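The chain contents come next:
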Amino acid sequence: MIRVFDDLESLSQAAAGLFVDAARRAVVEHGRFSVALAGGSTPRRCYELLSRLPFCDQVPWGQVHVFWGDERCVPADDSRSNSRMARQALLDHVPLPARQIHPMTCVADPVAAALNYQQELKDFFATGKACFDLIFLGLGGDGHTASLFPGTAALDETLRWVTTVHKPGEDFHRLTMTAPLINRAALVIFLVAGADKALILRKVLESSDRDQPLPARLISPEPGRLVWLVDRAAGCGTTNSEPRDQL
Ligand code: 6PG
């Protein structure tokens with residue numbers, strides 16, 4: 001399902017609304033809400049909206065558990081940290097118990113950190129549904145999502161839930177959830193905005209080029225739902241986007 005919005009603001013409003021709906025539904029259905037946040041810049045406005053009225057009062061924060069889909073292995077106060085962005089935009093401003101915030105910490109030993117985070121997820125999901133209620137994802141210009149970059153072994157992972165990635169040219173490693181874990185989610189929402197994403201978005205949504213396995217095309221939750229929230233600048237080239245409507 002693709003929803004096209006006039007701009008990032010209206011896209012972010014819709015994403016915040018879906019977060020609230022998913023959280024309330026999950027708490028009613030199984031007493032808690034598990035969400036994995038995306039990094040990058042696009043989701044920031046959605047996170048800011050969730051930290052303010054009217055959205056912040058609609059979320060059952062006491063039953064929310066926050067994880068990350070990926071993280072750069074940098075100090076928590078580093079400007080490149082995905083958890084730092086989420087804390088500044090959202091988590092430092094809402095009554096979410098600290099024990100329910102599960103950052104990926106991987107500065108020292110990424111391989112051990114990946115195993116530790118995977119164990120933390122296994123422990124969390126040991127009781128009840130072994131899947132996230134909601135996962136936010138972004139889309140990179142090369143078709144990556146989370147830290148599943150083209151040409152990396154992470155794309156071939158079929159068993160592990162979390163793995164390490166080194167993106168060529170970066171002086172840090174990354175941790176990322178793998179496609180098998182992401183695809184277990186009840187709801188996966190891509191947030192894509194900006195004209196610079198128009199070409200890659202069209203390739204991901206419409207290309208049948210088997211020789212070019214774009215990582216974002218690995219994301220196909222089953223039986224969960226996949227929703228693309230895109231702004232008009234990014235979605236102008238897609239042919240199967242539905243007209244903007246109320247979510
Ligand atoms: C990361 C992100 C990454 C991001 C995309 C889109 O850690 O780099 O998780 O997957 O979502 O690169 O980033 P923008 O939203 O900044 O375009």
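Given the structure is predicted, the values throughout are model-derived calculations rather than measurements. Every chain is numbered independently, its residues counted from 1 as its sequence is written. Local features in a predicted model are, by the rule used here, given only for residues with pLDDT of at least 70; side-chain atom pairs are given and counted only at 80 or more, and totals for whole chains, interfaces and linings are based on all residues. Excluded from the side-chain calculations are hydrogens and water; all other atoms, namely the structure's heavy atoms, are used.

Turning our eyes to something else, we now look at the state of the cysteines. What makes a disulfide is a covalent bond joining the sulfur atoms belonging to two cysteines. The definition used for a disulfide is geometric: two cysteine sulfur atoms within 2.5 Å. Summed over all chains, the structure comprises one disulfide. Residue Cys73 pairs covalently with Cys106 via a disulfide, S to S 2.1 Å. Disulfide Cys73-Cys106: the torsion about the S-S bond is -110°, which places it as left-handed. Of this pair, Cys73 sits in the loop between β4 (70-72) and α3 (82-89) while Cys106 is found in the loop between α3 and α4 (110-124), placing the two residues 33 residues apart along the sequence. Across this residue pair, the class does not change: Cys73 and Cys106 are buried. Between Cys46, a free cysteine, and Cys56, which holds the nearest cysteine sulfur, the sulfur-to-sulfur gap is 13 Å. Working definition: helices are DSSP H or I runs of at least four residues, strands are E runs of at least two. Numbering for both runs from the N terminus. Three labels apply to residues, based on accessible area from a 1.4 Å probe with only protein chains included: buried if under 20% of the type maximum, exposed if over 50%, partly exposed otherwise in between.

Burial of strand β5 (residues 134-137) is two-sided: the residues Leu134 and Phe136 facing one way and the residues Ile135 and Leu137 facing the other way are all buried. Of the pairings in the sheet, the one linking strand β2 (residues 33-37) to β5 comprises two bridges and is parallel in character. Paired with Val35 across the two strands is Leu134, which belongs to β5. Bridge count between β5 and strand β8 (residues 187-192): three bridges; the pairing is parallel. By the bridge assignment for β8, Phe136 is matched with Ile189. Here, strands pair whenever DSSP counts at least two bridges between them.

With that settled, consider α3. For α3, the full list of buried residues reads Asn82, Ser83, Met85, Ala86 and Ala89. In an axial view of α3, the angular spread of the buried residues amounts to 160°, which keeps them on one side of the axis. The contact criterion used is simple: two residues touch if any of their non-hydrogen atoms lie within 4.5 Å. Tucked into the core, α3 has its buried residues touching β2, α2 (44-50), β3 (64-68) and β4. In this context, the arc is that of the directions from the helix axis out to the C-beta atoms.

The nearness test applies per residue and asks whether one of its heavy atoms lies within 4 Å of the molecule or strand. Neighbouring the ligand are 15 residues; Ser41, Thr42, His144, Ala146 and Lys197 lie closest to it. Within the side chain of Thr42, one N or O atom sits 2.7 Å away from an oxygen atom of the ligand. The contact in question runs from an oxygen atom of the ligand to an N or O atom on the side chain of Lys197, over 2.5 Å. The protein chains hide 88% of the 420 Å² of surface that the ligand would expose on its own. In the cavity and pocket records, a cavity denotes points on a 1 Å grid over the protein atoms alone where a 1.4 Å probe fits but cannot get out, a pocket denotes an open set with protein on both sides within 12 Å along at least 5 of 7 lines, and lining residues are residues with an atom within 4 Å of a point. The rule for placing a molecule in a cavity or pocket is simple: more than half of its atoms must lie within 2 Å of the grid points. Spatially, the ligand is embedded in the largest pocket. Three classes are used: nonpolar for Ala, Val, Leu, Ile, Met, Phe, Trp, Tyr, Cys and Pro, charged for Asp, Glu, Lys and Arg, and polar for all others, with Gly counted as polar. A per-class count over the shell around the ligand returns two nonpolar, nine polar and four charged. N or O atoms closer than or at 3.5 Å make up a polar contact, with two conditions inside protein: a donor-capable atom paired with an acceptor-capable one, and, for residues adjacent in sequence, both atoms drawn from side chains. Throughout, the Shrake-Rupley method with a 1.4 Å probe supplies accessible areas, and for residues the shown protein chains are the sole cover considered.

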